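Below are the chains, spelled out letter by letter.
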Amino acid sequence: MRAQIARFIERRTAEPEQSTRPIGLLRIALALIILARFAAELTFFNTLEASGLILCLLFFTVTIMMLAGYMTRIATACVAGSLFEIYFTGSYGNSVTQWNHHHVYLLMSATTLLACTPCDRSYSVDRYRALRNAERKGESPPPERGRLWGQRLIVLQLGALYFWTAVDKSDWAFLSGQRLEQILTWTYSGRPLEILLDFPFILAAISIVVVAVEYGLALGIFVRRWHRFVIPIGLTLHASFYVLLPVETYSITMMALYLTLPDPDSLHRFLDRLQGHATVAYRL
Amino acid sequence: MFSGGGVGVLKGTFTLRRTDGAVVHMTPLDVLGLKRYPSTPPDEFDHLIVEDHDLRNFASRVCDHSTGPAHLSFHGAVGTRQGWQPLDVEDVCALPLTASPNPGGAAGDRT
């Protein structure tokens, strides 16, 4: 009986290994976004103290290691640590502007969760070294597969983010279009799209749609058969934010995190087909 | 997403009554002498209206530089997280001048 219970628990909790290509791509995307966001502020010529110089050197070293995929897990964890330092102190050798904003928090939490994934097994120097090692030993190439509980946590984070941001907007101030009007007053006064402020009913309609879409995404990203609708809608929403509002790296980070939504093995097969490797693709 | 954006922004009209009887209506941007708000994040902008008396700092360019005694009033609303809140001040220049109108980006965070 005890053995049966143990087998039952094992079956229920066993984590199947899946393709690591999506998180490999996500690792590259996040590293580039982090560099684009912070590099200008953490350059050596902005540094006033020697200790700051060391931190800035560390930032560039580990972020580029994360990008290239060299000692990937350690580098990614170090980048996450750097982002913790930036988010919670506003300083990392140099002071960082807008350090306590949502887009920095999102980068920090996503990188932290990424460090919990086998993001070193695809599109990385580590992968290349593993292949070379296997060739030397006459072994078959190591599979690009791993346990992806960290990836599932990223999806959970996306769902929580959509849910709570929708809850935050579920009041009369936002749904009536007033909050959007305030945002656009700041963003577009004296600019061509100021004309939007003349149509408050359109702003109210947009506000309602945004909240409805966010509630929908909070649920929809967990239902795989809805992805054919959910992913384009979500990407369109974030692309709209990106061009219409000063959201910094927020939208592009969210769009990159969508790599965690499709089935990893399906995305792996798609990439094989894309590169014309379908006939030699690994078999599931 | 951008839940704190637009907090502290004004919507309405400033009215300047000069001693010669002339009346000039101005937008908040006119009072600041700007064509548009800066591209910096709002919470780095030191003319957001957190308290009513921040209007005095907002209008300091007009209050401090108009020729002769002037009467400046504002009728409109200020952006808050609860939506537009009515804000009507009959004599803006008589409000106390505060040292720091928006210390540390008091209008809140934003994405």
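For the structure itself, consult the block above.
So, how was this worked out
- Residues numbered from 1 in each chain as written.
- Chains lettered and ligands numbered in written order.
- Predicted model: local features only at pLDDT ≥ 70, side-chain atom pairs only at ≥ 80, totals over all residues.
- Helix = DSSP H or I, 4+ residues; strand = E, 2+ residues; numbered from the N terminus.
- Buried ≥ 20, exposed ≤ 12 C-beta atoms within 10 Å, placed from the backbone.
- Contact = placed C-beta atoms within 7 Å.
- Pairing = 2+ DSSP bridges.
- Nonpolar A, V, L, I, M, F, W, Y, C, P; charged D, E, K, R; others polar.
- Axes fitted to C-alpha atoms, helices over the stretch in contact; angles between N-to-C directions.

(A) Geometry of the overall build of chain B. Helix and strand content of chain B: 3 helices and 4 strands. Secondary structure elements of chain B occur, N-terminal to C-terminal, as β-β-α-α-α-β-β. Residue burial in chain B is summarised as follows: out of 111 residues, 38% are buried. Of the contacts made within chain B by residues no fewer than 6 positions apart, 66% connect residues no fewer than 24 positions apart.

(B) Molecular detail of the pairing of strand S4 (residues 83-89) of chain B. Residues and elements named next belong to chain B. Strand direction decides the pairing type here: strand S3 (residues 71-80) and S4, joined by 7 bridges, are antiparallel. By the bridge assignment, His75 is partnered in S4 with Asp88. As consecutive antiparallel partners, S3 and S4 are separated by 2 residues.

(C) Region of the structure containing the interface of chain B and chain A. Across the boundary between the two partners, chain B contributes 22 residues, which contact 25 residues of chain A. Taken together, the residues that form the side of chain B that touches chain A break down as 9 nonpolar, 7 polar and 6 charged.

(D) Inspection of helix H9 (residues 178-188) of chain A at higher detail. Residues and elements named next belong to chain A. Counted residue by residue, H9 has 10 buried out of 11 residues, so it is predominantly covered. Taken together, the buried positions of H9 are occupied by Gln178, Arg179, Leu180, Glu181, Gln182, Ile183, Leu184, Thr185, Trp186 and Thr187. After H9 finishes, the residue Gly190 shows a positive phi value of roughly 80°.

(E) Representation of the sheet that holds strand S2 (residues 23-26) of chain B in the model. All names here are of chain B. Strand order in the open sheet formed by 4 strands is S2-S1-S3-S4, with antiparallel pairing between adjacent strands. Every other strand in the sheet has two partners, leaving S2 and S4 as the edge strands with one partner each. This sheet shows a mean twist of 10° between the axes of neighbouring strands, independent of strand direction. The sheet contact formed by strand S1 (residues 10-17) and S3 spans 8 bridges and is antiparallel. Bridging from a neighbouring strand, Gly12 pairs with Gly76 of S3.

Any link to function would need more than the numbers given here.
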